[in-house]
Amino acid sequence: MHKHHSALGVATALKPAAPVTLIRPQAAARAARFFSEKFPGRSLYAVKANPSPDLIRTLFASGITHFDVASIAEVRLVAETLQGEGKLCFMHPVKAEEAIAEAYHIHGVRTFSLDTLDELAKIMRATNDATDLELCVRLRVSSEHSELSLASKFGAELGETRELLMATRQAADALGICFHVGSQAMSPQAYSDAIERVRAAIVDAAVTVDIIDVGGGFPSIYPGMEPVALENYFDAIHRGFESLPISYSAELWCEPGRALSAEYSSVVVRVERRRGTELYINDGAYGALFDAAHIGWRFPVALLREEESEAELTGFSFYGPTCDDMDHMVGPFMLPDDVQAGDYIEIGMLGAYGAAMRTGFNGFTSEAVVEVEDEPMASLYVDAIPVRRRATVIKLG
Ligand SMILES: *Cc1c(COP(=O)(O)O)cnc(C)c1O
């Protein structure tokens, strides 16, 4: 793989005609070390956020040994990437029976989640009534503190949890309770509230619980979304966990996706046309900018020019390259007012649910990946990112 010093170096040296994904393994390694050293339990990487084999290897080398997978393709991918090292946990509550069987019998997966008695029966059938299962019952919790809800689709309701926990306790070697507070949770309170739900469920069912899995949702940093330090989340979770009626040997798990991968990637795009404050760029809704288009997510941007622009920052919106109006990212993305066709822009923090979601729709796609050594455009893991491209780098907020 090509290696360059910086995003600016990529733009000026390569003058790429198609978008280029930049990867920063050092940023992902830093995030992995942070979670493995500071989270008061075990951290599973949620592979769906970014299934890049290079990223998976980087996280593994930096202390993330467990992986939350949701499909048989993700099971195979991680098994192959790590050659059987690394432990896989199949945490999708609605699985194909064939997928469970292959995961159990071929890939050695022992940990599964579920939120209904039907899924429990399915898991037992697919594993021939295995006696070595770790089964995590998924509770439905509120997404009120999160930017992206995961509250509607999965999770047992109050009232259903008692029977389900008791039946799962009977079947499992280890019984877990898991939940997901929604992605980009902007307050540690999300976890404290969810843990109270867990407490009620445990008391109601009077079962012995071996694993508490607080799921994903740990935030990254974007314009207008600057969370408090992750230590505050870890403290709230630790306090909640310590106060639960569970055994001394119970384990605490989490499943960060976004927080481990967001800083790993950004994308360098080219402006093909300017119309007022609308920039037509060569990546968009069907490329790495799905969230920017569909839920108006804002990402940090920087103009990549050898000679820094002195112009005032202005809010721009983006059009992607396909032929439909939906390929539109409203922003605002703050760039110097003299930005024009032919300019290159770095769009940052696309390592989670960005670079991984690229499609080939309308013939616009790009496989180009370049490793760079400069810092990501923002970070939750370093206090101060050295300010680069001073005039053009946008201050978050
Ligand atoms: C998506 C998902 C995650 C990761 O969520 P983030 O918000 O990216 O941290 C973790 N666990 C489960 C079950 C998920 O579906």
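Note that this is a predicted model, so its numbers are computed, not measured.

How should the domain arrangement of the protein chain be read in this particular structure?
As a measure of interface size, the accessible area lost when the parts come together is often cited. Taken domain by domain, the protein chain consists of domain 1 (2-23 + 264-372) and domain 2 (25-261). For domain 1 and domain 2, the distance between their C-alpha centres works out to 33 Å. Each side of the interface is counted separately: domain 1 has 15 residues, and domain 2 has 21 residues. When domain 1 packs against domain 2, the two sides together hide about 1,600 Å² of surface, and 64% of this comes from carbon and sulfur. In terms of surface lost to domain 2, no three residues of domain 1 exceed Tyr264, Trp297 and Tyr353, which account for 48% of the buried area on that side. Along the contact surface separating domain 1 from domain 2 lie three residue pairs in polar contact (both at pLDDT 80 or more). Taken together, the residues that form the side of domain 1 that touches domain 2 break down as 11 nonpolar, two polar and two charged.

Please explain the site of the ligand as it appears in this structure.
Among the 15 residues in the neighbourhood of the ligand, the closest are listed as Lys48, Ser183, Glu255, Arg258 and Tyr353. Between an oxygen atom of the ligand and a side-chain N or O atom of histidine 180, the distance comes to 2.9 Å. When the ligand is considered free in solution it has 390 Å² of accessible area, and contact with the protein chains removes 91% of it.

Got a minute to help me understand unusual backbone geometry in this structure?
For residues other than glycine, phi is negative in most cases, and the peptide bonds are mostly trans. Note that the residue after glycine 331, namely proline 332, is joined by a cis bond; omega there is 0°. Mapped onto the secondary structure, proline 332 falls in strand E17 (residues 328-336). The backbone of tyrosine 353 sits at a positive phi, close to 55°, despite the residue not being glycine. Within the element layout of this structure, tyrosine 353 appears in the loop between strand E18 (344-347) and strand E19 (369-372).

Sorry, what's going on with the UniProt feature "domain: Orn/DAP/Arg decarboxylase 2 N-terminal" (unreviewed entry) in the protein chain here?
UniProt feature "domain: Orn/DAP/Arg decarboxylase 2 N-terminal" (unreviewed entry): in the numbering of this structure it lies at residues 33-262. Secondary structure content for residues 33-262 is 39% helix and 17% strand, while the C-alpha to C-alpha distance between its ends is 15 Å.

Is there a simple way to think about the packing of aromatic side chains in this case?
Aromatic ring pairs are described here by two measures, namely the spacing of the ring centres and the angle between the planes. Going through the model one piece at a time under the given rule, you end up with 18 aromatic pairs. Their ring planes at 50° and their centres at 5.9 Å tell us that phenylalanine 34 and phenylalanine 234 sit as a pair that is tilted. Placement of the pair is phenylalanine 34 in helix H2 (residues 25-38) and phenylalanine 234 in helix H9 (residues 230-242), with a sequence separation of 200 residues. Each member of the pair, phenylalanine 34 as well as phenylalanine 234, is classed as buried. Linked through ring pairs, Phe34, Phe35, Phe39, Tyr191, Phe218, Tyr233, Phe234 and Tyr381 together constitute an aromatic cluster. The ring centre of tyrosine 104 lies 3.7 Å from the NZ or CZ of arginine 110, which sits over that ring.

Whenever I open this one, the environment of serine 317 confuses me. Can you help?
The residue serine 317 is located in strand E16 (residues 313-319) in this model. With a relative accessible area of 12%, serine 317 lands in the buried category. Linking serine 317 and valine 372, residues 55 residues apart in sequence, is a C-alpha distance of 27 Å. In this structure serine 317 touches Thr277, Glu278, Leu279, His328, Met329, Val330 and Phe333, once residues within four positions along its chain are discounted.

What's the story with the confidence of the model for the protein chain in this structure? I'm lost.
In regions of low pLDDT, the predicted coordinates are not meant to be interpreted in detail. The share of residues in the protein chain with pLDDT of 70 or more is 96%, and the mean pLDDT across the chain is 94. When the criterion is pLDDT under 50, residues 386-397 qualifies, and its contacts beyond four places in sequence or with other chains add up to 40 contacts.

Even after reading the chapter, I still don't get the environment of glutamate 272, so can you show me in this structure?
Relative to the assigned elements, glutamate 272 resides in strand E13 (residues 265-275). Separated by 71 residues in the primary sequence, glutamate 272 and aspartate 343 have C-alpha atoms spaced 8.1 Å apart. Glutamate 272 has contacts with Ala17, Tyr280, Asn282 and Ala341, leaving out every residue within four places of it along the chain. Here the side chain of glutamate 272 touches arginine 270 through a polar contact of 3.3 Å, side chain to side chain.

Would you mind going over the environment of valine 269 with me for this structure?
On the secondary structure map, valine 269 appears in strand E13. Valine 269 sits in the buried class, given a relative accessible area of 0%. Separated by 47 residues in the primary sequence, valine 269 and phenylalanine 316 place their C-alpha atoms 14 Å from one another. Once you skip the residues sitting within four places of it in the chain, valine 269 turns out to touch Ile281, Asn282, Asp283, Asp343, Tyr344, Ile345 and Ile347.

What counts, and where the lines are drawn
Position numbers for residues start from 1 in each chain and track the written sequence from start to end. Only residues with pLDDT of at least 70 are given local features in this predicted model, and only at 80 or more are side-chain atom pairs given and counted; all residues enter the totals for whole chains, interfaces and linings. As a rule here, side-chain values cover all heavy atoms of the structure and leave hydrogens and water aside. Delimitation of the domains relies on an automatic or database domain assignment. What makes two residues a contact is simply this: any of their non-hydrogen atoms within 4.5 Å. A simple way to read buried area is as the amount of 1.4 Å-probe accessible surface that goes missing from two parts once joined, with both sides added. Residues adjacent in sequence count toward polar contacts only when both atoms are side-chain atoms; beyond that, a polar contact is any pair of N or O atoms within 3.5 Å, and within protein one must be able to donate a hydrogen and the other to accept it. Each residue gets one label: Ala, Val, Leu, Ile, Met, Phe, Trp, Tyr, Cys and Pro are nonpolar, Asp, Glu, Lys and Arg are charged, and the others, such as Gly, are polar. Here a residue counts as near a molecule or strand whenever at least one of its heavy atoms sits within 4 Å of it. Residue-level accessible areas treat just the shown protein chains as cover; the underlying method is Shrake-Rupley with a 1.4 Å probe. Strands here mean DSSP runs of E at least two residues long; helices mean DSSP runs of H or I at least four residues long; both are numbered from the N terminus. UniProt positions are given in the numbering used here, feature names are shortened, and annotations may be inferred rather than shown by experiment. Centre distance within 6.5 Å is the pairing criterion for rings of Phe, Tyr and Trp, where only the six-membered ring of Trp is used; planes under 30 degrees apart are then read as stacked, over 60 as edge-to-face, and the remainder as tilted. The buried label goes to any residue with under 20% of its type's maximum accessible area, the exposed label to any with over 50%, and the partly exposed label to all in between, with areas taken from a 1.4 Å probe on protein chains only. Should the NZ of a Lys or the CZ of an Arg lie within 6 Å of a ring centre and within 35 degrees of the ring normal, that charge is described as sitting over the ring. As a per-residue measure, pLDDT reflects the predictor's confidence and takes values from 0 up to 100.

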